[in-house]
Amino acid sequence: MTITRILAVSAALLVSAPALAAEGEQHHPEQHDWTFAGPFGTFDRDQLQRGFQVYQEVCAACHGLDMMSFRNLGEEGGPFYDPEYPNPNDNEVVRWIAEQYVITDGPDDLGEMFERPGIPADSFPNPYPNPQAARASNGGALPPDLSLIVNARHDGANYVRSLLLGYGHEAPEGVTVRPGQYYNPYFPGGLLAMGPQLTEGRVSYTTPEGGEEVEATPEQMAEDVVAFLAWATDPHATERKRTGLIVLIYMLILCGLTWFAYRQVWSNQEH
Ligand code: HEC
């Protein structure tokens, strides 16, 4: 490549870069106040239950949750944790949830695959038998697995919430929205194959015994499902934060004791 060609190509890139940026300008996620943010953040159990309901009734039609098994739901810190069942495999709610799913198992002694109701140790089944089938049902786009999505994306919790609520903007000039595509300024490039999901009245929340009534507005559903997905990304985060705090307190006490012992040992010595 000659120098002039290199210069010409660089000039062309310089000219087209701002044009590209303008076309698919991605909005920064809106910042939200999460209960689980920061070193002392924790998940709200009622919110995790509502978020799971949204995942189950809306997102699970297209998105898998491969890294989760039903028993995770009943582990400490999870949406259906019950201290009466330290082993989540015995947790009645978890067992009931698992039983609602049909799991393909096998092969049996005759080499046949067979179907059976789920048990707590099973992973959430994927809505599609393979990625090709998933693409075929979604206009060629693959709905990503949601187990790790909150950690896999930059500013994940805010990103997913903004994306879910980010429909209804006019596509900027120069962006052609083809059939089966939707414009959403929070998605890289602005065009995606997932339509608005959390419309008014999509799920209805039941009030847990003694809990407060929560209305299923789009904002509320988005916040709840993101909290659930953030928990699912790292189910043991709260436990780890608590252990960290205990270790910190232990170290501080140890430090104090060491200082005290040092003073005692050297108290009779002239410096
Ligand atoms: C009808 C099927 C369908 C449903 C229901 C659905 N999605 Fe999607 N979703 C898709 C498809 C297809 C894509 C990929 C879009 C693309 O790449 O163009 C997608 C993409 C996404 C992304 C973007 C991931 C990325 O790559 O940054 C997130 C996050 C997401 N979905 C979350 C959800 C959540 C949460 C729900 C439930 C509230 C949900 N989706 C419901 C089909 C669906």
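Definitions and limits used
Residues numbered from 1 in each chain as written. Predicted model: local features only at pLDDT ≥ 70, side-chain atom pairs only at ≥ 80, totals over all residues. Heavy atoms only, no water. Helix = DSSP H or I, 4+ residues; strand = E, 2+ residues; numbered from the N terminus. Donors = N, O, S within 2.8 Å, 3.2 Å for Na, K, Ca; no water. Buried < 20%, exposed > 50% of the residue type's maximum accessible area, 1.4 Å probe, protein only. Phe/Tyr/Trp six-rings, centres within 6.5 Å; stacked < 30°, edge-to-face > 60°. Lys NZ or Arg CZ within 6 Å of the ring centre and 35° of its normal. Axes fitted to C-alpha atoms, helices over the stretch in contact; angles between N-to-C directions. Parallel < 35°, antiparallel > 145°, perpendicular 65-115°, else oblique. Contact = heavy atoms within 4.5 Å. Nonpolar A, V, L, I, M, F, W, Y, C, P; charged D, E, K, R; others polar. pLDDT = per-residue confidence, 0-100. Near = heavy atom within 4 Å. Polar contact = N/O pair within 3.5 Å; in protein donor to acceptor, adjacent residues only side chain to side chain.

Visitor: Explanation requested: unusual backbone geometry in the structure shown.
Guide: A negative phi angle is the norm for most residues apart from glycine, just as the trans form is the norm for most peptide bonds. Residue P107 is reached from G106 by a cis peptide bond, and omega for that bond is 0 degrees. Secondary-structure assignment places P107 in the loop between strand 1 (102-105) and strand 2 (114-117).

Visitor: Help me understand the coordination of the iron atom of the ligand, please; the structure alone is not making it clear to me.
Guide: Around a metal, the idealised angle for a tetrahedral arrangement of four donor atoms is 109.5 degrees; for an octahedral arrangement of six donor atoms it is 90 or 180 degrees. Looking at the iron atom of the ligand, one finds its protein donor set to be H63 (NE2) and M194 (SD), positioned 2.0 to 2.1 Å from the metal centre. Under the relative-accessibility criterion, H63 is labelled buried at 10%.

Visitor: I'm lost on the environment of A227 in this one. Help?
Guide: Positionally, A227 belongs in helix 7 (residues 218-233). For A227, a relative accessible area of 0% gives the class buried. Counting along the chain gives 152 residues from A227 to E75, while the straight-line C-alpha distance between them is 16 Å.

Visitor: Before we go on, may I ask you to explain the packing of aromatic side chains in this structure?
Guide: In total, this model carries 13 aromatic pairs according to the counting rule given. On the numbers, 5.8 Å between centres and 35 degrees between planes, the contact of F228 with W231 is tilted. Taken together, the residues F228 and W231, both in helix 7 and three residues apart, mark about one turn of the helix. You'll find F228 and W231 in the same group, each marked buried. Following the ring pairs from residue to residue traces out a cluster consisting of F52, Y55, F70, F80, Y101, F124, F228 and W231. Taking NZ or CZ as reference, R50 lies 5.8 Å from the ring centre of Y205, over its face.

Visitor: Got a minute to help me understand the packing of helix 2 (residues 45-57) against helix 7 in this structure?
Guide: How two helices pack is summed up by the angle between their axes together with the distance between the axes. Contact geometry of helix 2 with helix 7 gives a least axis separation of 7 Å together with a crossing angle of 100 degrees. Between helix 2 and helix 7, the interaxial angle falls into the category roughly perpendicular. Taken together, the residues of helix 7 that come into contact with helix 2 (itself represented by Q47, L48, R50, G51, F52, V54 and Y55) are Q220, M221, E223, D224, V225, A227, F228 and W231. The residue inventory of the contact of helix 2 with helix 7, partitioned by class, reads nine nonpolar, three polar and three charged.

Visitor: Please clarify how the confidence of the model for the protein chain should be interpreted in this entry.
Guide: Looking at the protein chain as a whole, its pLDDT mean stands at 90, while 91% of the residues score no less than 70. Here helix 1 (residues 3-23) stands out as the element of the protein chain with the lowest mean pLDDT, 49, in contrast to helix 6 (residues 156-165), whose mean of 98 is the highest. Predicted confidence for residues 12-22 stays below pLDDT 50, and this span has zero contacts to residues more than four positions away or in other chains.

Visitor: Please clarify how the environment of P185 should be interpreted in this entry.
Guide: Along the polypeptide, P185 turns up in the loop between strand 3 (182-183) and strand 4 (191-192). On a C-alpha basis, the gap between P185 and Y167 in space is 8.0 Å, while along the polypeptide they are 18 residues apart. Here P185 is in contact with E25, Q26, H27, G166 and H169, once residues within four sequence places are set aside.

Visitor: Help me understand the site of the ligand in this model?
Guide: Taken together, the neighbourhood of the ligand is formed by 22 residues, with C59, C62, H63, Y159 and M194 sitting nearest. Between the ligand and H63, the relevant distance is 2.8 Å, taken from a nitrogen atom to a side-chain nitrogen or oxygen of the residue. In the model, an oxygen atom of the ligand is placed 2.8 Å from a nitrogen or oxygen of the A193 main chain. A total of four residues in the shell around the ligand trace back to one element, the largest contributor, which is helix 6. Of the residues that constitute the shell around the ligand, the class distribution is 18 nonpolar, three polar and one charged.

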